[in-house]
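Secondary and tertiary structure notes
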Amino acid sequence: MDFTLAQMWAQMGIVAKTVVLILGLFSVTTLGIAIERFVTFARATAQSRAFAQVTAPMLAERKFKEVSEAAANYKASHIAPVVRAGLLEYMAAQALNGKAAYDVHGAVKGSIERTAARQMATLRKGLSALATVGSTAPFVGLFGTTFGIINSFQGMAKEGGGGLGAIAAGIAEALVTTAVGIGVAIAAVLLYNYFTSRIEGLEVDTNETAGEVVALLAKDQAKG
């Protein structure tokens with residue numbers, strides 16, 4: 001028997017074939033999430049840099065309305081929505097003409113924190129699926145291997161004997177599912193760790209920007 005993929009696929013049982021198809025679905029899902037996240041993070045980084053360059057002079061001149069309007073044009077940015085939320089809350093507070101019952105600083109900070117948390121949740125989209133694939137793919141592959149080995153021994157029993165050579169081909173086919181499962185899991189775990197580290201970096205940027213906006217608005221309020 002030739003140990004080619006086509007030949008091994010033809011000799012696999014229904015359970016092993018089902019497992020390979022499931023692992024194939026896992027790999028396609030992993031690839032799809034990876035491509036989508038790469039594009040999302042690249043756009044978030046590029047638009048955030050562009051937003052910062054455009055609005056830095058405006059913030060220095062206290063042109064809060066112009067900055068909030070500009071932020072609406074950077075929807076893929078992870079920073080622009082946070083800045084916009086804080087500015088809108090601040091301008092709404094200013095419209096109240098300084099009513100004593102209204103905590104401007106607390107309202108602005110709360111709005112920024114909620115928006116930042118929402119942005120981070122959006123950036124983490126799909127990572128739970130990668131974690132699931134990384135943790136379950138080896139076991140799915142092992143499940144197929146177990147049934148493949150059982151089928152090999154059952155075949156040997158039906159033939160009435162035979163040594164290791166009689167079941168070697170069947171065991172090799174069965175182990176394919178474990179190999180595929182481990183390969184898919186390795187890819188998913190590596191991608192999960194990479195994207196997690198990217199999100200941590202973006203989260204630091206977001207928190208720093210949020211702190212700067214809160215401080216800027218607090219100074220502006222103090223000036224009256």
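In this text, all values refer to a predicted model and were calculated from it rather than measured experimentally. (Residues numbered from 1 in each chain as written. Predicted model: local features only at pLDDT ≥ 70, side-chain atom pairs only at ≥ 80, totals over all residues. Heavy atoms only, no water.)

Concerning the pattern of salt bridges
- What the rule picks out here adds up to 4 salt bridges.
- A salt bridge links lysine 63 to glutamate 61, with the nearest nitrogen and oxygen atoms 2.9 Å apart.
- Here aspartate 220 and arginine 62 are joined by a salt bridge, their closest N and O atoms 3.4 Å apart. Of this pair, aspartate 220 sits in helix 7 (residues 164-223) while arginine 62 sits in the loop between helix 2 (14-60) and helix 3 (64-71), placing them 158 residues apart in sequence. (Salt bridge = Lys/Arg side-chain N within 4 Å of Asp/Glu carboxyl O. Helix = DSSP H or I, 4+ residues; strand = E, 2+ residues; numbered from the N terminus.)

Some points on the environment of alanine 76
- With respect to the element layout, alanine 76 can be found in the loop between helix 3 and helix 4 (80-95).
- Those residues within four positions of alanine 76 in sequence are excluded, and the remaining contacts are Arg43, Ala44 and Gln47. (Contact = heavy atoms within 4.5 Å.)

Overview of the packing of helix 4 against helix 5 (residues 104-123)
- Look at helix 4 against helix 5: their axes get within 8 Å of each other, and the N-to-C directions meet at 155°. For the element pair helix 4 / helix 5, the angle class is roughly antiparallel. Read as a crossing pair, helix 4 and helix 5 show a hand that is right-handed. Here helix 4 contributes Pro81, Val82, Ala85, Gly86, Glu89, Tyr90 and Ala93 to the contact with helix 5, which in turn contributes Val104, Ala107, Val108, Ser111, Ile112, Thr115, Ala116 and Gln119.
- Looking at side-chain class alone, the contact of helix 4 with helix 5 contains 10 nonpolar, 4 polar and 1 charged residues. (Axes fitted to C-alpha atoms, helices over the stretch in contact; angles between N-to-C directions. Parallel < 35°, antiparallel > 145°, perpendicular 65-115°, else oblique. Left-handed = near helix turned anticlockwise from the far one by under 90°. Nonpolar A, V, L, I, M, F, W, Y, C, P; charged D, E, K, R; others polar.)

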